[in-house]
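Residue-level listing of the chains:
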Amino acid sequence: MIAFGIQHVAAMYAGVVAPPLIVGEAIGLPPLQMTLLIGASLFTAGLATALQALGVWKIGARMPFVNGVTFGSVAPILAIVAQQSGSQNPLSVVYGSVLIAGVLAFVAAPYFSRLVRFFPPVVNGTVITLIGLSLMPVAIKWIAGQDSDAPDYAAPQKILLGAATFVLVLLFNRFLTGFLNRIALLIGLLVGSLIAWPMGLVDTSTFASAPLFNLPVPFELGTPTFSLTATLSICIVMLVAMMESTADMIALGEIVDRPADEKTIAAGLRADGAGSAISAIFGGFTCSAFAQNIGLVALTGVRSRFVVATGGGVLVLLGLFPVAGAVVSLVPQPVLGGAALVLFGSVATSGIRTLSKAGLGDPHNALIVAGALGIGLIPVVAPSFYDHFPEAMRTVLDSGISTGCIAALLLNLLFSKRREPHMS
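This section reports on the structure supplied with the text. Here the structure is a predicted model, which is why all the values come from computation and not from measurement. (Residues numbered from 1 in each chain as written. Predicted model: local features only at pLDDT ≥ 70, side-chain atom pairs only at ≥ 80, totals over all residues. Heavy atoms only, no water.)

Overview of the overall build of the protein chain
Rule in force here: For the purposes of this entry, the term helix denotes a DSSP run of H or I that reaches at least four residues, the term strand denotes a run of E that reaches at least two, and both are numbered from the N terminus. Note on exposure labels: buried denotes an accessible area under 20% of the residue type's maximum, exposed denotes more than 50%, and partly exposed covers the range between, all computed with a 1.4 Å probe on protein chains only. Each accessible area is a Shrake-Rupley result for a 1.4 Å probe, and residues are judged covered by the shown protein chains and nothing else.
For the protein chain, the count of helices and strands is 19 helices and two strands. Residues counted as buried form 55% of the 424 residues belonging to the protein chain. Of the roughly 17,900 Å² that the protein chain leaves accessible, carbon and sulfur atoms contribute 69%.

Regarding the environment of A61
Condition: Whether two residues are in contact is decided by their heavy atoms, any of which lying within 4.5 Å being enough.
Mapping A61 onto the fold places it in the loop between helix 2 (31-54) and strand 1 (67-69). A residue is classified by how much of its surface remains accessible, and A61, at 2% relative accessible area, is buried. Those residues in contact with A61 that lie beyond four places of it in its chain are Q52, M249, R258, T264, A267 and G268.

With respect to the nonpolar core
We count it as follows: In these notes, a set of buried Ala, Val, Leu, Ile, Met, Phe, Trp, Tyr and Cys residues joined through side-chain atoms within 4.5 Å is what counts as a nonpolar core.
Counting residues in each nonpolar core, the largest one holds 97 residues, and the members touching the most others are I22, F71, L135, M249, F285 and F344. Sequence-distant contacts of M249, that is, excluding residues within four places in its chain, are made with A61, M63, F65, A260, T264, I265, G268 and L269. L168, F172, I183 and A184 belong to the second largest nonpolar core, which has five residues in total.

Notes on the pattern of salt bridges
How we decide: For this analysis, a salt bridge means a side-chain nitrogen from Lys or Arg found within 4 Å of a carboxyl oxygen belonging to Asp or Glu.
Following the criterion strictly, the structure yields one salt bridge and no others. D152 is paired through a salt bridge with K158; the nearest N and O atoms lie 3.2 Å apart. Here D152 falls in the partly exposed class, since its relative accessible area comes to 38%.

Let's talk about the packing of aromatic side chains
This is how the line gets drawn: We call Phe, Tyr and Trp rings a pair once their centres come within 6.5 Å, taking the six-membered ring for Trp, and we label the pair stacked below 30 degrees between planes, edge-to-face above 60, and tilted otherwise. Placement of a positive charge over a ring is assigned whenever Lys NZ or Arg CZ falls within 6 Å of the ring centre and within 35 degrees of the normal to the ring plane.
The tally for this structure, following the rule as stated, stands at five aromatic pairs. Between the aromatic rings of F385 and Y386, the centroid separation amounts to 5.0 Å while the plane-to-plane angle is 85°, which identifies the pairing as edge-to-face. Judged by relative accessible area, Y386 falls into the buried class, the value being 7%. Here a set of aromatic residues connected by ring pairs shows up, and it is made of F385, Y386 and F389. One residue, R174, lies across the ring of F175, its end atom 4.9 Å from the ring centre.

A word on the environment of A108
Residue placement: A108 occurs in helix 4 (residues 91-108). Between the C-alpha atoms of A108 and A266, which are 158 residues apart in sequence, the distance is 8.8 Å.

Looking at the packing of helix 8 (residues 184-196) against helix 15 (residues 333-355)
The test is simple: Between the N-to-C directions of two axes lies an angle of 0 to 180 degrees, each axis being a line fitted to C-alpha atoms and, for a helix, fitted only over the stretch in contact. Each angle is binned into one of four classes, with values under 35 degrees roughly parallel, values over 145 roughly antiparallel, values of 65 to 115 roughly perpendicular, and all other values oblique. Put simply, a crossing is left-handed when the front helix is turned counterclockwise from the back one by less than a right angle, and right-handed when it is turned clockwise.
Packing of helix 8 against helix 15 leaves a shortest axis separation of 9 Å and a crossing angle of 155°. When the axes of helix 8 and helix 15 are compared, the pair comes out roughly antiparallel. Considering only the axes of helix 8 and helix 15, their crossing is right-handed. Together, L185, L189, G192, S193 and A196 of helix 8 and V335, L336, A339 and L343 of helix 15 make up the contact between the two elements.

Considerations on the side chain of T165
Among the structural elements, T165 can be located in helix 6 (residues 156-175). Residue class for T165 comes out buried when judged on its relative accessible area of 0%. In contact with T165, not counting residues within four places along its chain, are G188, G192, V335, G338 and A339.

Some words on the packing of helix 2 against helix 13 (residues 305-320)
So the rule is basically this: Lys, Arg, Asp and Glu make up the charged group, whereas Ala, Val, Leu, Ile, Met, Phe, Trp, Tyr, Cys and Pro make up the nonpolar group; the residues left over, Gly among them, are polar.
Helix 13 packs onto helix 2 with a crossing angle of 160° between their chain directions and a minimal axis gap of 7 Å. The pairing of helix 2 with helix 13 is recorded here as roughly antiparallel in orientation. The handedness of the crossing between helix 2 and helix 13 is left-handed. Contact residues: G39, L42, F43, A45, G46, L47, T49, A53 and L54 in helix 2; R305, F306, V308, A309, G312, L315, V316, L318, G319 and L320 in helix 13. By residue class, the composition of the contact of helix 2 with helix 13 is 13 nonpolar, five polar and one charged.

Okay, here's the thing in structure tokens:
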């Protein structure tokens, strides 16, 4: 049972720390702030997991479900950060958007089941695929460098280090088994960092400034400020996350012989919303159910929600000790980029797997995917495409996730009308 709880923490850890690493690097946070951001994400993910597994009132599915940072929010957050680059603290707008999205998700939870029909696999799969594809340039920039005019941009040692980490992560996933397989990404980051150490690419100064213990304080990393377009972008992510959570709860319910009824799903979605709102207050990001632990429950046969809640407690403890975040911030950008290629590619693969259930043999479904991917990839392949549009619109337009999701929803509504006569 203890080993099972440790596996859950290990399986969650990489997924929880990756988003704050990505966002922190994009903002250019100093090492101390980076460790606090990572600590806040661990702390809030632990709280959200305990809330989901144990439940309070009508909040929490009360199943062995892990909650953590929604990876799908990373690309829209990066778009928000880019739009707020001139402001003193871009995180303030992010936290304001996450707070509102979390509250709205909490309120909408009991009604969301009525909207499920608008998010069939063809829509969900397209959005998830876009999430992975739109994050690929981030990984490439980590490897080559952020400034194309810098003397060491795309230096051979950076590319070799990124390539070595990429290969190591793949090999560890292929040949390691059991517990080690589940932390293959972490092992790859560790080995890649060790390789980078004698190359002088590891900065250890963070340990000198990182406090041993830090109790997260509300709004320590930024007081929420509000932007309509930024909030819309995060709300779209939250809608997709709620759809994924619904599917995950149904799947887990079958495994633990406790079918997830409408009441259970509503309670689980409330936990997603409440967890996200709490996360914004303490410096984290959107939270939703992690699908990874479904396979772990099926593999081990351990179905206790209390074991999962214990894993959430371990994450809370890790979040209270910023030194843990300092360890993660040691990872050089080329190493992070090499591992991220696998991580982001896995997200895209997950979307393709969902699309395989959508019946792409139907030409209408194929057109929905083609159109939504085409629109969603515009800001990915041409970041300045919408530069002449009004500033208020660009937070949404510059996020391929947001535009692709809206396009997929509208195209699905358009072509669903055409399917009805064909299917009758």
